[in-house]
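# Coordinate inspection notes
Listed here are the chains, written in short residue letters.
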Amino acid sequence: MINRILTPRELIVGGGSIAQLPALLRRLGVSRPLLVIDPGVLKLGLAEPAIAAMRAAGIDLDIFAGVIEDPTDATVDLAVERIRGSNRDSVIGFGGGSAIDTGKAAAIVASTGEAVHALKVPRIVDLSVMPFIAVPTTAGTGSEVTRACVITDTQRQEKMLILGTAALPAAAIVDFELTLTCPFRVTVDTGLDALTHALEAIINRNCNAHADALASSALALIGAHLETAASEPGNRAAREAMMLGATHAGLAVSNTSTALIHGLSRPIGAFFHVPHGLSNAMLLPLVTAYSLSAAPRQYAAAARALGWAAAGDSDEHAGRALVQGFIGLNARLKVPTPQSFGIDGERYRAVLPEMARQALSSGTPQNNPRVPDSDDIIELYRNAWDGRVPVF
Ligand SMILES: [Fe+2]
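Everything in this summary refers to the structure shown in the same document. Computed from a predicted model, the values in this text were never measured in an experiment. (Residues numbered from 1 in each chain as written. Predicted model: local features only at pLDDT ≥ 70, side-chain atom pairs only at ≥ 80, totals over all residues. Heavy atoms only, no water.)

## Here we look at the coordination of the iron ion
Within the first shell, the iron ion binds the protein through Asp193 (OD), His197 (NE2), His262 (NE2) and His276 (NE2), at distances of 2.1 to 2.2 Å. Here the iron ion is ringed by four donor atoms whose angles at the metal span 84 to 170°, and the overall shape comes out irregular. All donors to the iron ion come from one chain, and their sequence spacing reads D-x3-H-x64-H-x13-H. Placement of His262 in helix H9 (residues 260-272) and of His276 in helix H10 (residues 276-291) is noted, with a sequence separation of 14 residues between them. (Donors = N, O, S within 2.8 Å, 3.2 Å for Na, K, Ca; no water. Tetrahedral: all angles 85-135°; square planar, octahedral: opposite > 155°, others 65-115°. Helix = DSSP H or I, 4+ residues; strand = E, 2+ residues; numbered from the N terminus.)

Listed below in structure tokens is the structure:
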């Protein structure tokens, strides 16, 4: 079997590594970057040392702080205008997944001249674009190492998936010190997103030895450290482990693609603005229970990597422990159901067919060990509403 493994050209990992940003830009041969940043992150001053270091190094920096949560095609177009208007040669995405994905999409659109919606799957955007450098401030999305970004189509109210080497950062700086002030909810939601990436890599129909090793590492790190990072924000060891776990999960999933949880999660986010990691978490126990019988060995491996089953446990026992483990973790980390999140039940039921259509057209449910049809997906959404996890 031939596997095509994609990673950024440079990954600089470790506490304090943000100081190396000016040297990294020099190695990439760029000197006029656009810094695409979350306004909240800018206000917190997290980027100040990096901005000062770049200016001191003579780098001609422009800053775009118009990033919004669930970034849209309109946000991307604004960033593209800045790239063109001030003649930028590169983009730095600084913040959570929204800032990184906005920066990725802006670099692609500015380089190719194509509209955002022309780039979405099933097209694979394997194109050469201006260098994009990712600096995550959360341990979760893995977007700093993936060849994927998600942008909302404002007209169709659909989260578009853009896949291909054009969306793969040229480089990333993975500095866990940038996550030390990350609040509880964001730590949990992004951490559960990373956990979902690792799980969806390990059980994926496209899984390979490379992704499997990285996903196992990610599950071990996240299983051991997520709850500590959430309850003790300043715990450096937990934050460092979570950052590494999220990056390993991103590397794994970038080389397999996601599966059914992400497929079902994106429409929930698009229609009801549930944070991405949270809508994944709402689906974790349910979709695992639904899929278990189709890949018992892989789900058992995930349970063992998380530390929820022992090496000597049968796959069947480990699979059940995985579902129960996700139910318990969600309860301890206060993950709501769509109902308790406050979504309007009537509207939820009304859009189920369109959510199912969007889920299937994203292509990722087809990577799941058990592949649902539209009716199955609607039934899964119905069960997810109040957190029911039937025996499948
Ligand atoms: Fe994700």
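## Here's the deal with the nonpolar core
With 105 residues, the main nonpolar core has Leu192, Leu195, Leu199, Leu264, Tyr348, Met355 and Tyr381 as its most contacted residues. Excluding residues within four positions of it along the chain, Leu195 makes contact with Leu219, Ile222, Leu284, Leu306, Phe326 and Leu329. Leu28, Ile37, Ile59 and Val135 belong to the second largest nonpolar core, which has 24 residues in total. (Core = buried A, V, L, I, M, F, W, Y, C linked by side-chain atoms within 4.5 Å. Buried < 20%, exposed > 50% of the residue type's maximum accessible area, 1.4 Å probe, protein only. Contact = heavy atoms within 4.5 Å.)

## Quick look at the pairing of strand S6 (residues 148-153)
Here is the key point about a regular strand: its side chains alternate between the two faces of the sheet. In terms of burial, S6 is a largely internal element, five of the six residues being buried. Where S6 lies against strand S7 (residues 158-163), six bridges are found, and the strand directions are antiparallel. Bridge pairing links Ile151 to Met160 in S7. Between S6 and S7, which pair antiparallel in sequence order, lie four residues; one of them, Gln157, sits at a positive phi of approximately 50°. (Pairing = 2+ DSSP bridges.)

## A short note on helix H3 (residues 48-56)
Every buried residue of H3 is accounted for by Ala50, Ile51 and Met54. Take H3 and look down its axis: the buried residues cluster within an arc of 100°, on one side only. Of the residues in H3, the exposed ones pointing more than 90 degrees away from the buried face are Glu48, Pro49 and Ala56. Buried positions along H3 lie against helix H1 (21-28), strand S2 (33-37), helix H2 (39-44), strand S3 (62-64) and strand S4 (90-95). (Arc of directions from axis to C-beta.)

## Here's the deal with the packing of helix H7 (residues 209-231) against helix H8 (residues 236-254)
Interhelical geometry of H7 versus H8 gives an angle of 150° and a closest axis separation of 7 Å. As far as their axial angle goes, H8 and H7 are roughly antiparallel. The two elements H7 and H8 cross, and the hand of that crossing is left-handed. Across the interface between the two elements, Ala211, Leu214, Ala215, Ser217, Ala218, Leu221, Ile222, His225, Leu226, Thr228 and Ala229 from H7 touch Ala237, Ala238, Arg239, Ala241, Met242, Leu244, Gly245, His248, Ala249, Leu251 and Ala252 from H8. The class makeup of the residues in the contact of H7 with H8 is 16 nonpolar, five polar and one charged. (Axes fitted to C-alpha atoms, helices over the stretch in contact; angles between N-to-C directions. Parallel < 35°, antiparallel > 145°, perpendicular 65-115°, else oblique. Left-handed = near helix turned anticlockwise from the far one by under 90°. Nonpolar A, V, L, I, M, F, W, Y, C, P; charged D, E, K, R; others polar.)

## Overview of the pairing of S2
By the criterion of burial, S2 is predominantly enclosed, with five of the five residues buried. Where burial is concerned, the two faces of S2 agree: the one with Pro33, Leu35 and Ile37 and the one with Leu34 and Val36 are both buried. Note that S2 and S4 share five bridges and pair parallel. Looking at S4, one finds that Ile37 is bridged to Phe94. Pairing between S2 and S3: three bridges, direction parallel. When the sheet's bridge partners are listed, Leu34 is paired in S3 with Asp62.

## With respect to the sheet that holds strand S1 (residues 10-13)
If you walk across this open sheet you meet the six strands as S1-S8-S5-S4-S2-S3, and the pairing is parallel. Since the sheet does not close on itself, it has two edges, and those belong to S1 and S3, each with one partner. If you compare each strand with its neighbour and ignore which way they point, the axes differ by 15° on average. As judged from the five bridges shared by S4 and strand S5 (residues 132-136), these two strands associate in the parallel manner. In the strand pairing of S5, Phe94 is matched with Val135. Each of S2, S3 and S4 is contacted by helix H4 (residues 73-85), which is oriented at about 170° to S3, the strand it contacts most.

## Here we look at the environment of Ile63
With respect to the helices, strands and loops of the structure, Ile63 is situated in strand S3. Ile63 sits in the partly exposed class, given a relative accessible area of 22%. With 35 residues separating them in the primary sequence, Ile63 and Leu28 have C-alpha atoms 19 Å apart. With sequence-adjacent residues up to four places away left out, Ile63 is seen in contact with Leu34, Leu35, Ile37, Ile51, Arg55 and Arg82.

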